[in-house]
Amino acid sequence: MAEAYSPTKSSHGADDSDTDLELYRPALNSAAWFKSKSPLRSAKTSKYIRYAGMLAASVCVSVFTALLVGHGAPSSTAATHNDLSLDSITNSTLGFHKIYSVSLPRHWHKRDGQLLAARHTGLDIENVGGVRWEDIPKSEYPLWWHDPYEASIGCWRAHMNILAKIVEEGIGSALILEDDADWDVSLKPQLQEFARGAIQLQKQGSKSHKALSVSPYGDSWDFLWVGGCSYEQPKHDNQYYLIHGDHTVAPLHHRHTSFDGPDKIKRMNNTRTVFQAGYGTCTTGYAVTQDSARRMLASISLPPNVEESAIDRKFGRMCAHMDREMPMQCYGVYPALFSMHRFAGLASQDSDIVDHSQEDKVHDEYTYDIVYSTMMNLVPLAMGAKTYRAQWPQEAAEPDLPIDKTFQWKGKVMFIDPAEE
């Protein structure tokens, strides 16, 4: 039978009443002074004081809880994912423990732009230095390396360095961006609805139906592919979380992201789709857990390895559960929530992995797939603008979006039989 708790007995069984009394002596003295000196000593006032003390304690607990959630701390107890738990996605790290961005030192304009974009949307992004391909000796190339673009080897090592950092520092979960990543000004509500979808699909695919408590995005994911260029889906999967009425979704003819899902879904305007992801490309934005970072580092960095080159294709093989790869449970979103931004100017400034035949071409500023681009609104915002300008104003529901606009969407799980296509 468990021993009843005694205020004069420590958890170690020793009598700590004197120690406890000394610890709380300042508080007791203060209370005694207030009781003796205060002119407000009526029974009615004493009752108010007791109520005030209870209220103060309640506020302290609430503030402490809010601080934990605000810093992305995982819950210590199992809980279902209601709207309250999704509130942590509105914090400065989007419900993850960290947000990292990989950037070469010479990409100063990209870092400056991303810094401003982060501040305007309330994000805390830690920059991690990229790796110059020229600094990697040929002897350190993976045996299977055969990518035609020399800079790809630097990209590969930079992402391995971030995964190693996550493992070394024991980071529970992290969102990883590249320095040309852009996002919609409504990113936080977008990610909240993405999380609802990912959770629903995890529940649908889980036989145990255990409580989802590790992350606001669920606890049965390894990799969230929120910034890809193309997605494939496991052939056996026909579940989708469809978010209708979303006017932050790029019009059909402006979409850059490709998806091999049902045509019925791909033809839907103002609809975003969450799904279980298989093979894919691009590393503009993705999230990992501590466990998946370890597996990715072991699978991709350590020799020998499966014959494959670019880092995104390695991620894709793991998501697709291909032979000889460590499998990951991956979830994607179409169109992507993070996409590549291009400043106006020479194509050679866009990326180190570039088609040299195109590098002398000049283009206007643009971002793939993003309607209310944060990057494309930086100059107006710096000048005090009160609205966000749509990238394609003639086709937007609101060409100029009020800065205090709120969004609320509700998606639903749908099963689509491939035979209906």
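Here's what I pulled together on the structure shown here. Here the structure is a predicted model, which is why all the values come from computation and not from measurement. The residue numbering used here restarts from 1 in each chain and proceeds along that chain's sequence as written. Reporting of local features is limited, given that this is a predicted model, to residues whose pLDDT is at least 70; pairs of side-chain atoms are given and counted only at 80 or more, and all residues count toward the totals for whole chains, interfaces and linings. Side-chain metrics in this entry use all non-hydrogen atoms of the structure; hydrogen atoms and water are not considered.

Right, let's talk about the overall build of the protein for a bit. The helix and strand tally for the protein stands at nine helices and 19 strands. Accessible surface is estimated by sampling points in the Shrake-Rupley manner with a 1.4 Å probe; for residues, cover comes only from the protein chains shown. When the accessible surface of the protein is summed, it comes to about 22,000 Å², and 56% of that surface belongs to carbon and sulfur atoms. Runs of H or I in DSSP of at least four residues are treated as helices and runs of E of at least two as strands, each being numbered from the N terminus.

What follows covers the packing of aromatic side chains. Here a pair means two rings of Phe, Tyr or Trp (six-membered ring of Trp) with centres within 6.5 Å. Their orientation is stacked below 30 degrees between planes, edge-to-face above 60, and tilted elsewhere. Under the counting rule described, the total for this entry stands at 14 aromatic pairs. A centroid spacing of 5.2 Å and a plane angle of 15° characterise the contact between F223 and Y286, whose relative ring orientation is stacked. Taken together, the residues F223 in strand β5 (residues 223-227) and Y286 in strand β11 (residues 285-289) connect sequence positions 63 residues apart. For the pair shown, F223 and Y286 are each scored as buried. Each member of the aromatic cluster is reached from another via a ring pair, and the members are F223, W225, Y231, F259, F275, Y286, F315 and Y334. Consider the ring centre and the ring normal. A charge sits over the ring if Lys NZ or Arg CZ is within 6 Å of that centre and within 35 degrees of that normal. Over the face of the ring belonging to W156 we find R157, whose NZ or CZ atom lies 5.5 Å from the ring centre. Remark: exposure states derive from per-residue accessible area (1.4 Å probe, protein chains only) relative to the maximum for the residue type, with buried under 20%, exposed over 50%, and partly exposed in between.

In this section: empty space enclosed by the protein. The rule is simple: put a 1 Å grid over the protein atoms alone, call a set of points where a 1.4 Å probe fits but cannot get out a cavity, call an open set with protein on both sides within 12 Å along at least five of seven lines a pocket, and count a residue as lining if it has an atom within 4 Å of a point. Grid points are joined across faces, edges and corners, and a volume is the space filled by probe spheres set on the points. Throughout the structure, instances matching the rule amount to five cavities of 30 Å³ or more. As for the second largest cavity, its lining consists of P189, Q190, E193, F194, I243, D246, R272, V333, L337 and W409. It is helix α5 (residues 187-205) that contributes the most residues to the lining of the second largest cavity, four residues altogether. Only Asp, Glu, Lys and Arg are considered charged in this grouping, and only Ala, Val, Leu, Ile, Met, Phe, Trp, Tyr, Cys and Pro are considered nonpolar; every other residue, Gly among them, is considered polar. Looking at the lining of the second largest cavity residue by residue, the class counts come to six nonpolar, one polar and three charged.

Working definition: the strands of a sheet are paired by backbone hydrogen bonds and lie parallel or antiparallel to each other. One open sheet holds the three strands; their spatial order is β4-β13-β16, and the pairing between them is antiparallel. A single partner strand is all that each edge strand has here, and the edge strands are β4 (181-183) and β16 (366-367). For two strands to be treated as a pair, DSSP must find at least two bridges joining them. Looking at chain direction, strand β13 (residues 338-342) and β16 are connected through two bridges and run antiparallel. Across the sheet, the residue bridging to H341 is T367, located in β16.

Once that is clear, we can look at the sheet that holds strand β3 (residues 173-178). The nine strands lie next to each other as β2-β1-β3-β11-β5-β12-β9-β7-β19, forming an open sheet whose pairing is mixed. Unpaired on one side and paired on the other, β2 (126-129) and β19 (412-415) mark the two borders of the sheet. Put simply, the sheet's adjacent strands are angled 25° from each other on average, direction ignored. Throughout, a residue-residue contact means that at least one pair of heavy atoms, one from each residue, lies within 4.5 Å. Fitted lines through C-alpha atoms serve as axes, helices being fitted only where they are in contact, and the angles separating the N-to-C directions of these axes extend from 0 to 180 degrees. Strands in contact with helix α7 (residues 290-300) are β5 and β11; relative to β11, the strand with the most contacts, it is inclined by about 105°.

The next thing to look at is the nonpolar core. If you look at the biggest cluster of nonpolar residues, it comprises 41 residues, and the most contacted ones within it are L163, I166, F223, V288, M296, I300 and F315. The element best represented in this core is helix α4 (residues 152-168), accounting for seven residues. F223 has contacts with Y286, A287, V288, M296, F315, C319, M328, Q329, C330 and Y331, leaving out every residue within four places of it along the chain. Grouped together as the second largest cluster of nonpolar side chains are 34 residues, I99, A195, Y241 and V333 included. Only buried residues count toward a nonpolar core, which is a set of Ala, Val, Leu, Ile, Met, Phe, Trp, Tyr and Cys residues joined through side-chain atoms within 4.5 Å.

A few words on the pairing of strand β1 (residues 98-103). Most of β1 sits out of view: five of its six residues are buried. In the sheet, β1 pairs with β3 via five bridges, with the strands oriented parallel. If you follow S101 over to β3, its bridge partner there is L177. Looking at chain direction, β1 and β2 are connected through four bridges and run parallel. For S103, the partnering residue across the bridge sits in β2 and is G129. For a crossover, the right-handed case is the one in which the path from the first strand over the helix to the second runs clockwise, viewed with the strands pointing away from the viewer. In this fold, β1 hands off to helix α3 (residues 108-120), which returns the chain to β2; that crossover is right-handed.

Turning our eyes to something else, we now look at the state of the cysteines. We call a pair of cysteine sulfur atoms a disulfide whenever their separation is within 2.5 Å. Summed over the entire model, instances satisfying the criterion amount to two disulfides. A disulfide bridge connects C229 with C282, and the sulfur atoms are separated by 1.8 Å. Classification of the bridge connecting C229 and C282 rests on its S-S torsion, roughly -90°, and on that basis the disulfide is left-handed. On the criterion of sequence distance, the pair formed by C229 in the loop between β5 and β6 (230-231) and C282 in the loop between β10 (280-281) and β11 is long-range, its members being 53 residues apart. Here C229 falls in the buried class, since its relative accessible area comes to 11%.

To continue, consider the pattern of salt bridges. Each reported salt bridge corresponds to a side-chain nitrogen of Lys or Arg within 4 Å of a carboxyl oxygen of Asp or Glu. According to the stated counting rule, one finds eleven salt bridges in the structure shown. Note that K405 and E398 form a salt bridge whose closest N and O atoms lie 3.0 Å from each other. Residue classification places E398 among the partly exposed residues on the basis of a relative accessible area of 27%. A cluster of three or more residues bridged by salt bridges with shared partners is formed by K98, E126, K165 and E169.

Here we take up the pairing of β3. Burial of β3 is extensive: six of the six residues sit out of reach of the surface. Side-chain alternation along β3 places S173, L175 and L177 on one buried face and A174, I176 and E178 on a second face that is also buried. Here β3 runs beside β11; their pairing, made up of five bridges, is antiparallel. Bridge pairing links L177 to G285 in β11.

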